[in-house]
Amino acid sequence: MHPTIFEAFDEVCRSESVGGAILEVGAVPGDDTLLRLPALRNASSRIGINLEPAFRDGAIEIVSGTGNDMRQFADGSFDAVLSNSVLEHDRAFWLTLAEIRRVTRPGGLMAIGVPGFGAMKTEPLWRLARLAGRVPFLGRRPRAVAAWLGVAAPTLGLHRFPEDYYRFSEAAVRDVFLEGLAGVKVRQILMPPRFIGWGRMPLARG
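What you are looking at is a predicted structure, and each value in this text was computed from that prediction instead of being measured.

Peer 1: Sorry, what's going on with the sheet that holds strand E4 (residues 60-64) here?
Peer 2: What links the strands of a sheet is backbone hydrogen bonding, and the strands pair in either a parallel or an antiparallel sense. Sheet architecture is open: eight strands sit in the order E3-E4-E2-E1-E5-E6-E8-E7, paired in mixed fashion. Each edge of the sheet is formed by a strand with only one pairing partner; in this case those strands are strand E3 (55-57) and strand E7 (182-189). Geometrically, the sheet is characterised by an average inter-axis angle of 15° between neighbouring strands, direction not taken into account. Pairing of strand E5 (residues 78-84) with strand E6 (residues 104-115), which is carried by six bridges, proceeds in the parallel orientation. Its bridge partner being in E6, Ala80 is matched across the sheet by Leu109. Together, strand E1 (21-25), E5 and E6 form the strand contacts of helix H2 (residues 93-103), whose direction differs from that of E6 by roughly 150°.

Written out as structure tokens, the structure is:
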């Protein structure tokens, strides 16, 4: 995990005063698992789930399983559910999103990070193309390249773990992943863009 992403998740958890029972979907053993965020140091429990074999290290436990079906956890089991760089590798990511919602308690936090795509900043390209267009032997090539880049979108390269299926827009994170949640925020970091979106599950109506 890129250190900037780790720090961004830590800021989210700190700003949202996250504590209690924490679940990370897609947790892996190592120092950069979200379960080791400094903001979660005093959480009452830190559990992860991954397809790999089970793992335990002090207060951190990772169980073997899939985000598509987390029946080992009861409804509303967690005060916060975190996930980063998982949904792009998940063929049926909508099932994982449904499970994340199910196991997050009313008022609990969902925070999800994914690689995305965004608009290309084309004005500098056009300026460069206009300058290059004055070079006689280049002809229209610079403008053609600038026009092509103008309709392109930067995105993170292919990374198979074990496969790589999706990239997501900021709108997808806000309007699909976090639909119906309270206090939804989406932050873009790095380039190519990664999005971290978070919000709180609605309080149960009594």
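Peer 1: For this particular structure, what's the right way to read the packing of aromatic side chains?
Peer 2: The geometry of an aromatic ring pair is captured by the separation of the ring centres together with the interplanar angle, meaning the angle of the planes. One pass over the structure, following the stated rule, counts eight aromatic pairs. Taking the centre distance of 6.1 Å and the plane angle of 50° together, the rings of Tyr165 and Tyr166 count as tilted. Taken together, a centroid distance of 5.0 Å and an interplanar angle of 70° make the contact between Phe168 and Phe177 edge-to-face. Taking the relative accessible area as the measure of exposure, Phe177 reaches 1% and is therefore buried. Taken together, Phe93, Trp94, Tyr165, Tyr166, Phe168 and Phe177 form an aromatic cluster joined through their ring pairs.

Peer 1: Explain H2 here, please?
Peer 2: Count 3.6 residues to each turn of an α-helix, and residues three or four apart come out pointing the same way. What H2 keeps buried is the set Phe93, Thr96, Leu97, Glu99, Ile100 and Val103. Relative to the axis of H2, the buried residues are bounded by an arc of 165° and lie together on one face. Contacts made by the buried residues of H2 are with E1, E5, E6 and helix H5 (170-177).

Peer 1: Before we go on, may I ask you to explain the environment of Arg187 in this structure?
Peer 2: Note on placement: Arg187 falls in strand E7. Note: C-alpha distance between Arg187 and Gly113 (74 residues apart in sequence) is 9.3 Å. In this structure, Arg187 is in contact with Ala8, Glu11, Arg194, Phe195, Ile196 and Trp198, ignoring residues within four places of it in sequence. Only 2.9 Å separates the side chain of Arg187 from the side chain of Glu11, close enough to count as a polar contact.

Peer 1: I keep staring at the nonpolar core and nothing clicks. Help me out?
Peer 2: When a protein is soluble and globular, its nonpolar side chains tend to lie buried together. Counting residues in hydrophobic clusters, the biggest one holds 26 residues, and the most contacted among them are Leu23, Met70, Phe73, Phe78, Leu87, Ile112 and Phe177. Secondary-structure elements contributing two or more residues to this core are E1, strand E2 (45-50), E5, H2, E6 and H5. With four residues, H2 is the largest single contributor of residues to this core. In this view, Phe177 contacts Leu87, Phe93, Leu97, Arg101, Met110, Ile112, Val114, Phe168 and Ala172; residues no more than four positions away in its chain are not counted. Formed by 24 residues, the second largest nonpolar core is a distinct cluster that contains Val12, Ala27, Leu40 and Leu82.

Peer 1: Honestly, the pairing of strand E8 (residues 194-200) in this entry has me stumped. Any pointers?
Peer 2: Within a regular strand, side chains alternate between the sheet's two faces. Within E8, six of the seven residues are buried, which leaves it mostly tucked inside the rest of the structure. The sheet contact formed by E6 and E8 spans seven bridges and is antiparallel. Considered in E8, the bridge of Gly113 is made with Ile196. Examined bridge by bridge, E7 and E8 share six bridges and lie antiparallel to one another.

Peer 1: When you look at the side chain of Thr104 in this model, what are you seeing that I'm missing?
Peer 2: By the element assignment, Thr104 lies in strand E6. A distance of 2.7 Å separates the side chain of Thr104 from the backbone oxygen of Ile100, its partner in a polar contact. Excluding anything up to four places from it in sequence, Thr104 contacts Gly76, Phe78, Val81, Leu109, Met110 and Met201.

Peer 1: What am I meant to see in unusual backbone geometry here?
Peer 2: Peptide bonds are trans in most cases, and residues, glycine excluded, mostly fall at negative phi. Of note, the amide linkage connecting Met191 to Pro192 takes the cis form, showing an omega dihedral of 0°. Position of Pro192 relative to the elements: it lies in the loop between E7 and E8. Notably, Ser17 is not glycine yet its phi reads approximately 50°, a positive angle. Relative to the elements of secondary structure, Ser17 occurs in the loop between helix H1 (3-15) and E1. You can call Ser17 exposed: its relative accessible area is 64%. Positive phi, normally seen in glycine, also occurs at Ser85, with a value near 55°. If you trace the backbone, Ser85 turns up in the loop between E5 and H2.

Calculation notes
Residues numbered from 1 in each chain as written. Predicted model: local features only at pLDDT ≥ 70, side-chain atom pairs only at ≥ 80, totals over all residues. Heavy atoms only, no water. Pairing = 2+ DSSP bridges. Helix = DSSP H or I, 4+ residues; strand = E, 2+ residues; numbered from the N terminus. Axes fitted to C-alpha atoms, helices over the stretch in contact; angles between N-to-C directions. Contact = heavy atoms within 4.5 Å. Phe/Tyr/Trp six-rings, centres within 6.5 Å; stacked < 30°, edge-to-face > 60°. Buried < 20%, exposed > 50% of the residue type's maximum accessible area, 1.4 Å probe, protein only. Arc of directions from axis to C-beta. Polar contact = N/O pair within 3.5 Å; in protein donor to acceptor, adjacent residues only side chain to side chain. Core = buried A, V, L, I, M, F, W, Y, C linked by side-chain atoms within 4.5 Å.

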